[in-house]
Amino acid sequence: MSKNSLLKWLQEGNISIPGVLLSQYKEMNLNEHELVLILHVISYIENGNEFPTPVELSSRMTISVAECTDMLRKLIQKGFFDIKDSYSADGIRYEKYHLDPLWEKLIDQFLLSGKKEEAIKIQQEETDLYTCFEREFGRPLSPFECETLALWMDDDHHDPHIIKAALRESVLSGKLNFRYIDRILFEWKKNGIKTIEQAKSYGKKFRQNQAQQRTKREDTPSQTTKSVPFYNWLEQ
């Protein structure tokens, strides 16, 4: 092979392909032939040929000119790219492929896939939350309890992690019931508790206060000091 042939081969350069096009083309209802055809159109445009013919495109593929022409027509109909009129510096009118519709579809698909992933993540977290409650209660949740749990999750303050933290607090307090957990969530929301760290700190302080009050009541003689009932905000 001559040096000129190698130089020509190297001068073909590289093609810039968005990774999302390769990962999402199936979701965009494209098959492999259509994808490769689009890649060849991009390659031609990047090398200065803005309107490659079906003959040029099919010469790089395993499809006929007629098949290539039909595929181009369908891609334009489906809105992956279109044909625009343009003018040279000399005022000569010519046609070129316009790829903005393809990039817009890629952006839409990227945003849609992100929403799907988020929805799947939320669904997994909700399923895990129900499993945690049933494991701690040692039984399936009743319809009323399931409805209550759903209401907590609908509250914009109560994400699954916060609800799990409230469940843990009820277990540590030895008062495993939905009414107690609801009061914990209410108190946390009232006091601006929004993170797991804040919830743990708040719960620790509350239990320490309970222990101190209990110790004071036990150490104070009942015959000399009037007993003062301890206020438990979770039981009001």
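All of these numbers come straight from a predicted model, not from anything done at the bench.

*Asks:* Report on the overall build of the protein, specifying residues and quantitative values.
*Replies:* Check the secondary structure of the protein and you find ten helices and two strands. By the burial criterion, 29% of the 236 residues in the protein qualify as buried. Taking the intrachain contacts of the protein between residues at least 6 apart in sequence as the baseline, contacts between residues at least 24 apart amount to 53%. Just so you have it, the protein exposes about 15700 Å², and 53% of that area is on carbon and sulfur atoms.

*Asks:* Account for the pairing of strand 1 (residues 82–87), naming residues and giving values.
*Replies:* Pairing analysis gives six bridges linking strand 1 to strand 2 (residues 93–98), with the strands arranged antiparallel. Bridge pairing links aspartate 85 to glutamate 95 in strand 2. Where strand 1 folds back onto strand 2 in an antiparallel hairpin, the turn is made up of five residues, including glycine 91, whose phi is positive at roughly 85°.

*Asks:* Run through the packing of helix 6 (residues 100–137) against helix 7 (residues 143–154), naming residues and quoting values.
*Replies:* In contact at an axis separation of 12 Å, helix 6 and helix 7 are set at 135° when each is read in the N-to-C sense. In this view, helix 6 runs oblique relative to helix 7, as classed from their interaxial angle. Crossing geometry of helix 6 relative to helix 7 is assigned as right-handed. Judged by residue contacts, Glu126, Leu129, Tyr130, Phe133 and Phe137 of helix 6 engage Glu145, Cys146, Leu149, Ala150, Trp152 and Met153 from helix 7. Along the lines of polarity and charge, the residues of the contact of helix 6 with helix 7 split into nine nonpolar, no polar and two charged.

*Asks:* Lay out the packing of helix 7 against helix 9 (residues 178–190) with the relevant residues and their values.
*Replies:* At a minimum axis separation of 12 Å, helix 7 and helix 9 run at an interaxial angle of 10°. One element, helix 7, and the other, helix 9, form an angle in the roughly parallel class. Only Phe178, Ile181, Asp182 and Leu185 of helix 9 make contact with helix 7, whose side of the interface consists of Glu145, Thr148, Leu149 and Trp152. Here the contact of helix 7 with helix 9 is built from residues that sort into five nonpolar, one polar and two charged.

Definitions and limits used
Residues numbered from 1 in each chain as written. Predicted model: local features only at pLDDT ≥ 70, side-chain atom pairs only at ≥ 80, totals over all residues. Heavy atoms only, no water. Helix = DSSP H or I, 4+ residues; strand = E, 2+ residues; numbered from the N terminus. Buried < 20%, exposed > 50% of the residue type's maximum accessible area, 1.4 Å probe, protein only. Contact = heavy atoms within 4.5 Å. Areas by Shrake-Rupley, 256 points an atom, 1.4 Å probe, with all protein chains shown as cover. Pairing = 2+ DSSP bridges. Axes fitted to C-alpha atoms, helices over the stretch in contact; angles between N-to-C directions. Parallel < 35°, antiparallel > 145°, perpendicular 65-115°, else oblique. Left-handed = near helix turned anticlockwise from the far one by under 90°. Nonpolar A, V, L, I, M, F, W, Y, C, P; charged D, E, K, R; others polar.

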